[in-house]
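The primary structure of each chain is shown beneath.
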Amino acid sequence: MDSKNHNWSRRDFLRAAGAAGLGSIIAPIDLLAESSNELVAMPTRPFGRTGVRVPILGFGGSLDLDQLMLRQAAKWGATYWDTASSYMGGNSEKRIGKYLGKYPEDRNNIFIVTKSHAWTVNGLTRDLNKSLERMKTDYVDLFFVHSVRSINELDGDIKAWSEKTKAGGKIKFFGFSTHSNMEECMLGAAKLGWIDGIMMSYNFRLMHSDRMKRAVDACARAGIGLTAMKTQGGGSVKTSSETELELAGRFLQKGFTDGQAKLKAVWENPHIACICTEMPNTTILMSNVAAAINRTKLSSHDKKLLHKYAQETRSDYCAGCTDLCESATNSIAPIGDVMRYLMYSRSYGDRDRAAEFFKRIPQRVRAEMANLDYTIAEQKCPQKMAIGKLMREAVGTL
Ligand code: SF4
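Each chain has its residues counted from 1, following the order in which its sequence is written. Totals for whole chains, interfaces and linings use all residues, but because this is a predicted model, local features are given only for residues with pLDDT of at least 70 and pairs of side-chain atoms are given and counted only at 80 or more. Excluded from the side-chain calculation are hydrogens and water; included are all heavy atoms of the structure.

## Details of the environment of Asp258
For the purposes of this entry, the term helix denotes a DSSP run of H or I that reaches at least four residues, the term strand denotes a run of E that reaches at least two, and both are numbered from the N terminus. Relative to the elements of secondary structure, Asp258 occurs in helix 10 (residues 258-267). For Asp258, a relative accessible area of 19% corresponds to the buried category. Contacts are assigned to residue pairs that have any heavy atoms within 4.5 Å of one another. Residues within four places of Asp258 in sequence aside, it is in contact with Ser236, Val237 and Phe251. Relative accessibility thresholds used throughout: buried, under 20% of the residue-type maximum; exposed, over 50%; partly exposed, between the two (1.4 Å probe, protein chains only).

Written out as structure tokens, the structure reads:
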């Protein structure tokens, strides 16, 4: 990827920031530039042992992709674009295709990641071909099997498929995304020797556990590129406890939003190559780019406070350890998935998307979920979540 195209002048950035009404986040940007001619660039990191460097900020494509936003993301160096054959019923990939149709010269600068839910090699081939057609490109940079819950889902057939498809040039690299049992999937992948990249939930809440630390280190040693998602760890920091008040005050003093501080906490780990996040409007794109190019690090006290906040509010966030709770209900209720849909609705304010995903759960399972006994699941839950109450809330509201 050509980093020269990711430079923009301080003046351009400030003009765009002004248009987006982002005066409050510009202070750190202003400190960056000693003269008005100084150029700033999106930092990049190596993506495992692929030999490719990717920007530390990636553009998540599960929401409708606006052409102007894509153009702006490309200009500002957020050139890791993540999509999936299922996002927006294929429209997310079509939007990328529309963009590349208009700006074909950008193709080599964009690191395109797409995913397939298919569990057969024929299904993967069918989805990949459809993705290429929609995106008007003859290759994707990184192809993921979508939402892996156990490393056993990646068998010898899939390994052979990935090698053959890479050799044929339709994909450059292969891996998987995971929201559930991430740590076990990552540890398993590190032993396989044929996984190039993983996108997993990772944030200021999940990063402190021993098993996540071991998983990240094992992947780094195995040369697997890591992309973090769900980096906000739920909703915004409120101001209803002493810790929250202190956090809000410290971020304000430094000119950060809490969203920016949470991104910085993830970038502290050099093994995380890229943060992939949804950026539905210019304000959020600008805020995230500002955080990426700003060099102010979180202090050790900032990090301690974030950790303390994570512990105090842990029952608000599902850590994705579904092997613990889902086996405790004598049912196939997908507790981890439902918790994620509730997060979309409660924390992101995106009830429509939450309801759309929720309705994909078979009717029989949804009906059963409201009446299950979750006592043992709640006892096993390390986050001490009120699983029964939340599952009934999902059935009632989604
Ligand atoms: S509900 Fe609890 S046990 Fe189940 S996945 Fe979430 S955090 Fe883990």
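## Overview of the pairing of strand 11 (residues 225-229)
Along any regular strand the residues' side chains alternate between the sheet's two faces. For strand 11, a buried count of 5 out of 5 residues is recorded, marking the element as mostly surrounded by other parts of the structure. Burial along strand 11 is two-sided: the residues Gly225, Thr227 and Met229 and Leu226 and Ala228 are all buried. A clockwise path from the first strand over the helix to the second, with the strands pointing away from the viewer, defines a right-handed crossover. Once you follow strand 10 (residues 197-201) into helix 8 (residues 210-222) and on to strand 11, the crossover reads as right-handed. Paired strands, as defined in this entry, are two strands with at least two bridges between them according to DSSP. In this sheet, strand 12 (residues 274-278) lies alongside strand 11 in parallel orientation, the contact comprising 2 bridges. Opposite Thr227, over in strand 12, you have Cys274 as the bridge partner.

## Observations regarding the environment of Ala73
With respect to the helices, strands and loops of the structure, Ala73 is situated in helix 3 (residues 67-75). Given the relative accessible area of 0%, Ala73 is considered buried. Linking Ala73 and Leu285, residues 212 residues apart in sequence, is a C-alpha distance of 7.4 Å. Dropping the residues within four chain positions of it, Ala73 is found in contact with Phe59, Ala78, Trp81 and Leu285.

## Concerning the packing of aromatic side chains
When the centres of two rings from Phe, Tyr and Trp lie within 6.5 Å, Trp using its six-membered ring, the rings pair. Their planes under 30 degrees apart give stacked, over 60 give edge-to-face, and anything left gives tilted. Within this structure, the stated rule accounts for 12 aromatic pairs. Taking the centre distance of 5.7 Å and the plane angle of 40° together, the rings of Tyr344 and Tyr348 count as tilted. Taken together through their ring pairs, the aromatic side chains of Phe143, Trp161, Phe174 and Trp194 make up a single cluster. Taking NZ or CZ as reference, Arg107 lies 3.9 Å from the ring centre of Tyr139, over its face. Here, a charge over a ring is recorded when the distance from Lys NZ or Arg CZ to the ring centre is within 6 Å and its angle to the ring normal is within 35 degrees.

## Regarding the sheet that holds strand 10
What the 8 strands build is a closed barrel, ordered 5-6-7-8-9-10-11-12; its pairing is parallel. Mean inter-strand twist for the sheet, computed between neighbouring axes without regard to direction, equals 25°. Relative to strand 9 (residues 171-178), strand 8 (residues 140-145) runs parallel, the two sharing 5 bridges. What sits directly across from Phe144, in strand 9, is Gly175. The angle between two axes is taken between their N-to-C directions and runs from 0 to 180 degrees, where each axis is a line fitted to C-alpha atoms and a helix contributes only its stretch in contact. Together, strand 8 and strand 9 form the strand contacts of helix 6 (residues 156-167), whose direction differs from that of strand 9 by roughly 145°.

## Here's the deal with the confidence of the model for the chain
Known as pLDDT, the predictor's confidence for each residue is given on a scale from 0 to 100. Residues of the chain with pLDDT of at least 70 account for 90%, and the chain-wide mean is 90. Every residue in residues 26-39 scores below 50 in pLDDT, and together they form 27 contacts with partners more than four places removed in sequence or on other chains.

## Let's talk about the site of the ligand
The near set for a molecule or strand comprises every residue that places at least one heavy atom within 4 Å of it. Near the ligand the following residues occur: Cys318, Ala319, Gly320, Cys321, Thr322, Cys325, Cys381, Pro382, Gln383 and Ile387. Here the shell around the ligand is composed, by residue class, of 7 nonpolar, 3 polar and no charged. Lys, Arg, Asp and Glu make up the charged group, whereas Ala, Val, Leu, Ile, Met, Phe, Trp, Tyr, Cys and Pro make up the nonpolar group; the residues left over, Gly among them, are polar.

## A closer look at the pairing of strand 10
Judged by how many residues are buried, strand 10 sits mostly within the fold: 5 of 5 residues are covered. Pairing between strand 9 and strand 10: 4 bridges, direction parallel. Within strand 10, the residue paired with Gly175 across the bridge is Gly197. In this fold, strand 9 hands off to helix 7 (residues 182-192), which returns the chain to strand 10; that crossover is right-handed. Bridge count between strand 10 and strand 11: 5 bridges; the pairing is parallel. Bridge pairing in strand 11 links Gly197 to Gly225.

## Thoughts on unusual backbone geometry
A positive phi angle is found at Met88, which is not glycine, with a value near 50°. Position of Met88 relative to the elements: it lies in the loop between strand 6 (80-82) and helix 4 (91-102). Note on Met88: relative accessible area 37%, which makes it partly exposed. In this structure, Asn330 is a non-glycine residue whose phi angle is positive, near 60°.

## A few points about the nonpolar core
Buried Ala, Val, Leu, Ile, Met, Phe, Trp, Tyr and Cys residues form a nonpolar core when they are joined through side-chain atoms within 4.5 Å. Grouped together as the largest cluster of nonpolar side chains are 80 residues, with contacts concentrated most on Phe176, Met186 and Ile198. At 6 residues, helix 11 (residues 282-293) tops the list of elements feeding residues into this core. In this structure, Ile335, Ala354, Met391 and Leu398 belong to the second largest nonpolar core, which totals 24 residues.

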